[in-house]
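Structural description and commentary
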Amino acid sequence: MKNPPVLVAADAAVHAGVHAQAWLQDDPNEGVRHGLDYADDWRYNRLLASLLPAHRERLLASAECVYLRSAQMLHEAAGFIQWVYFPITALASLTVPDRTGACAEVATVGRDGVVGLPLIDGNYTRSRAVVQVPGKALRLRASVVAEEFARHAAVRRLLLAYSQALVAEIVQTALCSRHHALEQQLARLILLRLDRQQAGELAMTQESMAGMLGVRRESVTLAAARLQQGGYIRYARGHIAVQDRGGLEGRCCDCYRTIRLEFDRLLRPRPAY
Ligand SMILES: [Zn+2]
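Procedures and definitions
Residues numbered from 1 in each chain as written. Predicted model: local features only at pLDDT ≥ 70, side-chain atom pairs only at ≥ 80, totals over all residues. Helix = DSSP H or I, 4+ residues; strand = E, 2+ residues; numbered from the N terminus. Buried ≥ 20, exposed ≤ 12 C-beta atoms within 10 Å, placed from the backbone. Pairing = 2+ DSSP bridges. Axes fitted to C-alpha atoms, helices over the stretch in contact; angles between N-to-C directions. Expected span 1.5 Å × (residues − 1). Contact = placed C-beta atoms within 7 Å. Core = buried A, V, L, I, M, F, W, Y, C linked by C-beta atoms within 7 Å. Domains from an automatic or database assignment. pLDDT = per-residue confidence, 0-100. Parallel < 35°, antiparallel > 145°, perpendicular 65-115°, else oblique. Left-handed = near helix turned anticlockwise from the far one by under 90°.

As annotated in an unreviewed UniProt entry, the chain is CRP-like cAMP-binding protein from Roseateles saccharophilus.

Following this line, the structure appears as structure tokens:
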């Protein structure tokens, strides 16, 4: 089992206004630790890259690079949000649990978004944010982001635009899960995840896919088999590789395209940010 990451002070790593701290992670292959290179990581996060330099630098001055572990809880439902995360290579899942503990995914957040958005409206959330794909993120105290949100209209407009995009995704996902074939839902899930992470393959077990879609594992097995038989994906040992991206988009319902277009419309670069 991996040792937990260790927080260390980086000696001369002050760059782009980011704090001189980095999570180091034990390398299981080499037995040595590597510092994570985060100097330009903000470029890979769509929201941070959209901000005007002055606004971005002020936020980055309070940021630190963290390595998020698989299944790590970023915030709990009905919990207080202490940290805000801008994913770089990590991807988180927003789920809503019920009283029995059952939960279903309502949205994912990767390099096109931010985890911890409810802080802008009373810091209360019904959702739980859990890391699905381990990797890097830039982390800030929620109080810092809340202060920037209150003080600067440009930051406010960008976070509200993302909030609107997230609502659009949740609404579309609700429609999709009610009216579209499971095979199409699975294609939507795969395509959105690929867009939001840097790796070209997805690491997902059938159990986790079933949990995300709120269905039985056997149903996911059949849907994945059909996509594989069609030559769209290759699924083996918990890894999904897309073999025919265009074909998979064509096999998917309109929900993937609708969500992607809505994100592009709301988060298109604007001088005001
Ligand atoms: Zn759909």
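Regarding the overall build of the chain
Within the chain, the regular secondary structure consists of 9 helices and 13 strands. Relative to its full complement of 273 residues, the chain shows a buried share of 37%.

With respect to the sheet that holds strand β13 (residues 239–242)
In spatial order, the strands read β11-β13-β12; together these 3 strands make up an open sheet with antiparallel pairing. Looking at the sheet topology across the chains shown, the edges are occupied by β11 (201–203) and β12 (233–236). Across this sheet, the average inter-strand angle for adjacent strands is 20 degrees, counted without regard to direction. Pairing of β12 with β13 involves 4 bridges; the strand directions are antiparallel. Opposite Ile233, over in β13, you have Val242 as the bridge partner.

Quick look at the sheet that holds strand β5 (residues 73–75)
Spatial ordering of the open sheet is given by β5-β9-β7-β8, a layout of 4 strands whose pairing is antiparallel. Because the sheet does not close on itself, it has two edges, and the strands there are β5 and β8 (103–109). The mean inter-strand angle of the sheet, taken between neighbouring strand axes irrespective of direction, is 35 degrees. Looking at chain direction, β5 and strand β9 (residues 128–133) are connected through 2 bridges and run antiparallel.

A look at helix α4 (residues 153–179)
End to end, α4 covers 39 Å across 27 residues, agreeing with the expected 39 Å (1.5 Å per residue, within 8%). Buried within α4 are the following residues: Val155, Leu158, Tyr162, Ala165, Leu166, Glu169, Thr173 and Cys176. Buried residues belonging to α4 abut α1 (46–50), α2 (53–60), β8, α3 (142–151), α5 (182–195) and α9 (255–266).

Description of the nonpolar core
Ala92, Val114, Leu186 and Ile190 are the most contacted members of the largest nonpolar core, which totals 67 residues. For this core, the two domains that each supply at least three residues are domain 1 (6–175 + 262–266) and domain 2 (181–252). Look past the residues within four positions of Leu186 in its chain and what remains in contact with it is Met209, Leu213, Val220, Ala223, Ala224 and Leu227.

What about unusual backbone geometry?
Note: most residues except glycine have negative phi, and most peptide bonds are trans. Notably, Ala71 is not glycine yet its phi reads approximately 75 degrees, a positive angle. If you trace the backbone, Ala71 turns up in the loop between β4 (64–68) and β5. Looking at Ala71, the number of C-beta atoms within 10 Å reads 11, which means it is exposed. Within the chain, Arg237 stands out as a residue other than glycine whose phi angle is a positive 50 degrees. As for its placement among the helices and strands, Arg237 is situated in the loop between β12 and β13.

Looking at the confidence of the model for the chain
This prediction gives the chain a mean pLDDT of 82; 83% of its residues lie at or above 70. Taken as a whole, residues 1–37 scores under 50 in pLDDT and shows 58 contacts with residues more than four places along the chain or in a different chain.

Here we look at the packing of α5 against α9
Relative to each other, α5 and α9 sit at 30 degrees, their axes nearing to 9 Å. Relative to α9, α5 is oriented roughly parallel. Crossing angle aside, the handedness with which α5 passes α9 is right-handed. Side by side, α5 and α9 meet where Arg188, Leu191, Leu192 and Asp195 of the first sit next to Cys255, Tyr256, Ile259 and Arg260 of the second.

Quick notes on the pairing of strand β10 (residues 135–141)
Taking burial as the measure, the 7 residues of β10 include 6 buried ones, the bulk of the element. Note that strand β6 (residues 83–87) and β10 share 5 bridges and pair antiparallel. What sits directly across from Trp83, in β10, is Arg141.

Describing the packing of α5 against helix α6 (residues 206–213)
Between α5 and α6, whose axes approach to 11 Å, the crossing angle comes to 105 degrees. With respect to α6, the element α5 is oriented roughly perpendicular. Listed contacts from α6 to Leu182, Gln185, Leu186 and Leu189 of α5 are Met209, Met212 and Leu213.

Structural notes on the environment of Ala187
Here Ala187 shows up in helix α5. In this structure Ala187 comes out as buried when scored by C-beta crowding, with 26 C-beta atoms within 10 Å. Setting aside residues no more than four positions away along its own chain, Ala187 makes contact with Leu227, Leu248, Arg251 and Cys252.

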